[in-house]
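Summary of the model geometry
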Amino acid sequence: METERLEELLGKFGSRRIAVLGDYFLDRYLVTDPQLAEKSIETGKTAHQVVDIRNAPGAAGTIVNNLAALGAGELFAIGVVGDDGQGYDLKKELNRRGCNTEGLIQSANLMTPTYLKPLNKDVPGLEGEHERYDTKNRKTMTQRLVNEALEVLDRLLPELDAVIVLDQVEEENCGVLTAETRDALAERAENNPNVIFYADSRRYIHHFRNMIIKPNEFEAVGHENPLPGDQVELTQLEEAIPRLRNTANAPICVTRGANGIIVSDPELTSIPGIKLEGPVDTTGAGDSVSAGLVLTLASGAILPEAALVGMLVASITVKQLGTTGTASQEQVSERLIMWKSQNES
Ligand SMILES: Nc1ncnc2c1ncn2[C@@H]1O[C@H](COP(=O)(O)OP(=O)(O)OP(=O)(O)O)[C@@H](O)[C@H]1O
Ligand SMILES: O=C(O)C(=O)C[C@H](O)[C@H](O)CO
């Protein structure tokens, strides 16, 4: 891609309207100072001392975060959270990023899904994170709440350029993306060909229909529980992608970690990754790809161009250690130059 083409696409980001429908989590980082650690008189265990609290939108919120940093025009959050302090903090953080949260339905019967991440302020990156505490709902999502979320989507659809679906909750039907929601979305996607529909899912990516799907390389070939260092052969992906495309009835984007991304349309195209020096933190890397890719596609790009931008965005965010990072348009432009120099030499 030429710099001028990238600038042309970036120039349209500010007028795009995108809804992110899915599982909104609160990422709550408790920054502890080990020098201040105390011992509990009652239990004898360490009482870690929190010196700072950082709240960030997680899961579907990570996509919003990335879209906002890339300068997307209007953002709409659609999902279901609890009527609690975490829900308040999550909405506050989304609003701070300019995201409309009227479609984030609050229910007193749910807890706001939260990743509570205590960390050691003196150890950067993932290594500094303590054990994590997750708050998740383990009851089936009610159809009433699903319907409310779909009503919000239906009201917004005529004005939208794209809908990004993010299915984070692995417990079946316990998040907003239940089997019924998936069917309803497949129907919306079919009936609204002018709106881009795109889905990513931790566990159920193979169940989405009529919309672009983004499995990673392991999910694409059905390799469950990959070990660090595992890779999938290119030939295996080349065989799997046409099959996936048939089943999904829509284009496929497969993320391959440091090796970049492969897309199915208009023809099978591999976008090499960027070679990066030093440590990376891939938390939320897939969400960065989704934000960059869909915003670029909604700005008039073809899929390989959009995937390249998604890859560039993720290559910036993985270098931000200990946080689910974001990228600005300026950083994306710089990264394109780096990618071109690596691929031309
Ligand atoms: N080591 C790395 N070096 C360069 N880029 C990387 C590296 N790891 C990840 N990326 C970038 O992040 C993107 C997504 O990575 P990966 O395939 O690991 O994510 P995913 O499995 O889709 O996401 P997630 O784990 O967040 O669901 C890659 O396509 C690439 O752009
Ligand atoms: O699931 C994990 O491992 C995460 O850490 C999730 C992140 O906190 C984040 O919410 C993903 O966007």
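The residue numbers shown here count from 1 along each chain, following its written sequence. Just so you know, chain letters begin at A and ligand numbers begin at 1, following the order they were written in. Residues qualify for local features only when their pLDDT is at least 70, as the model is predicted, and side-chain atom pairs are given and counted only at 80 or more; totals for whole chains, interfaces and linings, by contrast, use all residues. Each side-chain value is worked out from all heavy atoms of the structure, with water and hydrogens disregarded.

A molecule or strand has a residue near it when one of that residue's heavy atoms lies within 4 Å. Around ligand 2, a shell composed of D27, G58, A59, T62, Y115, K117, R132, Q168, R202, T283 and D287 is seen. N or O atoms closer than or at 3.5 Å make up a polar contact, with two conditions inside protein: a donor-capable atom paired with an acceptor-capable one, and, for residues adjacent in sequence, both atoms drawn from side chains. Within the contact set of ligand 2, an oxygen atom lies 2.9 Å away from a side-chain nitrogen or oxygen of D27. Protein contacts shield 86% of the accessible area of ligand 2, which totals 330 Å² for the unbound molecule. Classification used: nonpolar for Ala, Val, Leu, Ile, Met, Phe, Trp, Tyr, Cys and Pro, charged for Asp, Glu, Lys and Arg, polar for all others including Gly. The residue inventory of the shell around ligand 2, partitioned by class, reads 2 nonpolar, 4 polar and 5 charged. Using the Shrake-Rupley algorithm and a 1.4 Å probe, accessible areas are obtained, with residue cover drawn only from the displayed protein chains.

Before going further, it helps to spend a moment on the side chain of E305. Mapped onto the fold, E305 is located in helix α9 (residues 303-317). Apart from residues lying up to four places away in sequence, E305 is in contact with M1, R5 and T296. Counting from the N terminus, the helices are DSSP H or I runs at least four residues long and the strands are E runs at least two residues long. Whether two residues are in contact is decided by their heavy atoms: any pair within 4.5 Å suffices.

The predicted structure's coordinates, where accompanied by low pLDDT, should not be read in detail. In this model, the chain carries a mean pLDDT of 96, and residues with pLDDT of at least 70 account for 100%. Both scores are available for the predicted complex, with the pTM at 0.96 and the ipTM at 0.94. Confidence scores per residue from the predictor, reported as pLDDT, run from 0 to 100.

A turn of α-helix holds 3.6 residues, and therefore any two residues three or four places apart point the same way. Taking 1.5 Å of rise per residue, the 14 residues of helix α4 (residues 143-156) would be expected to cover 20 Å, and the 20 Å separating its terminal C-alpha atoms lies within 8% of that figure. Among all positions in α4, only L145, V146, A149, L150, V152, L153 and L156 are buried. Taken end-on, α4 shows its buried residues confined to a sector of 150 degrees, consistent with a single buried face. For α4, exposure combined with an orientation more than 90 degrees from the buried face picks out R144 and R155. Given the number of residues in a helix, its expected span is that number minus one, multiplied by 1.5 Å. Think of it in three bands: with a 1.4 Å probe and only protein chains considered, a residue is buried below 20% of the maximum accessible area for its type, exposed above 50%, and partly exposed in between. Think of the arc as the fan of directions from the helix axis to the C-beta atoms.

Classification of ring pairs uses Phe, Tyr and Trp, with its six-membered ring standing for Trp, and accepts pairs whose centres are within 6.5 Å; under 30 degrees between planes counts as stacked, over 60 as edge-to-face, and the remaining range as tilted. This model, assessed by the stated rule, comprises 1 aromatic pair. Ring geometry for F25 against Y115: centres 4.5 Å apart, planes inclined by 20 degrees, an arrangement best described as stacked. One end of the pair, F25, is in strand β2 (residues 24-32); the other, Y115, is in strand β8 (residues 114-120), and 90 residues separate them in sequence. With a relative accessible area of 0%, F25 lands in the buried category.

Relative orientation of the contacting elements α4 and helix α5 (residues 179-191) amounts to 20 degrees, with a least axis distance of 10 Å. With respect to each other, α4 and α5 are oriented roughly parallel. For the pair α4 and α5, the crossing hand works out as right-handed. The segment α4 lies against α5, with Q143, V146, L150, L153 and D154 engaging E180, T181, A184, L185 and R188. All axes are obtained by fitting lines to C-alpha atoms, using only the stretch in contact for helices, and the reported angles, taken between N-to-C directions, cover 0 to 180 degrees. With respect to orientation, any angle under 35 degrees is reported as roughly parallel, any angle over 145 as roughly antiparallel, any angle of 65 to 115 as roughly perpendicular, and every other angle as oblique. Should the near helix be turned counterclockwise from the far one by less than a right angle, the crossing is left-handed, whereas a clockwise turn marks it as right-handed.

Around ligand 1, the surrounding shell holds 18 residues, and the nearest of these are K214, N216, T255, G257 and G286. Within the side chain of K214, one N or O atom sits 2.7 Å away from an oxygen atom of ligand 1. Contact distances for ligand 1 include 3.4 Å between an oxygen atom and a backbone N or O atom of G260. Relative to its unbound accessible surface of 630 Å², ligand 1 loses 82% to contact with the protein. If you list the elements that add at least two residues to the shell around ligand 1, you get α8 (285-297) and α9. Per element, the largest residue contribution to the shell around ligand 1 is 3 residues, and it comes from α8. Class assignment of the residues belonging to the shell around ligand 1 gives a composition of 9 nonpolar, 7 polar and 2 charged.

Time to look at the pairing of β2. With 9 of 9 residues buried, β2 is to be regarded as a mostly interior element. Alternating positions in β2 separate into two faces, Y24, L26, R28, L30 and T32 on one and F25, D27, Y29 and V31 on the other, with burial throughout. Pairs of strands are assigned from DSSP output, requiring at least two bridges between the strands. Of the strand pairs in this sheet, β2 and strand β5 (residues 50-59) are connected by 9 bridges, and their pairing is antiparallel. Following the sheet pairing, V31 is matched in β5 by D52. Here 7 bridges tie β2 to β8, and the two strands are oriented parallel to one another. Each residue of the ladder has a partner; that of L30, found in β8, is P118.

Right, let's talk about the nonpolar core for a bit. To define a nonpolar core, start from buried Ala, Val, Leu, Ile, Met, Phe, Trp, Tyr and Cys residues and group those joined through side-chain atoms within 4.5 Å. If you look at the biggest cluster of nonpolar residues, it comprises 59 residues, and the most contacted ones within it are Y24, L67, L293 and V332. In terms of residue count, α9 provides more of this core than any other element does, 10 residues in total. Residues contacting V332, with those up to four places away along its chain left out, are L6, L70, V309, L312, V313, I316 and A327. Formed by 41 residues, the second largest nonpolar core is a distinct cluster that contains L21, A199, V232 and L237.

With that settled, the discussion passes to unusual backbone geometry. A cis amide bond, omega -5 degrees, links D265 with the succeeding residue P266. Along the chain, P266 falls in the loop between β14 (261-263) and β15 (269-271). One non-glycine residue, N249, adopts positive backbone phi at about 60 degrees. Tracing the sequence through the fold places N249 in the loop between α7 (234-248) and β13 (253-255).

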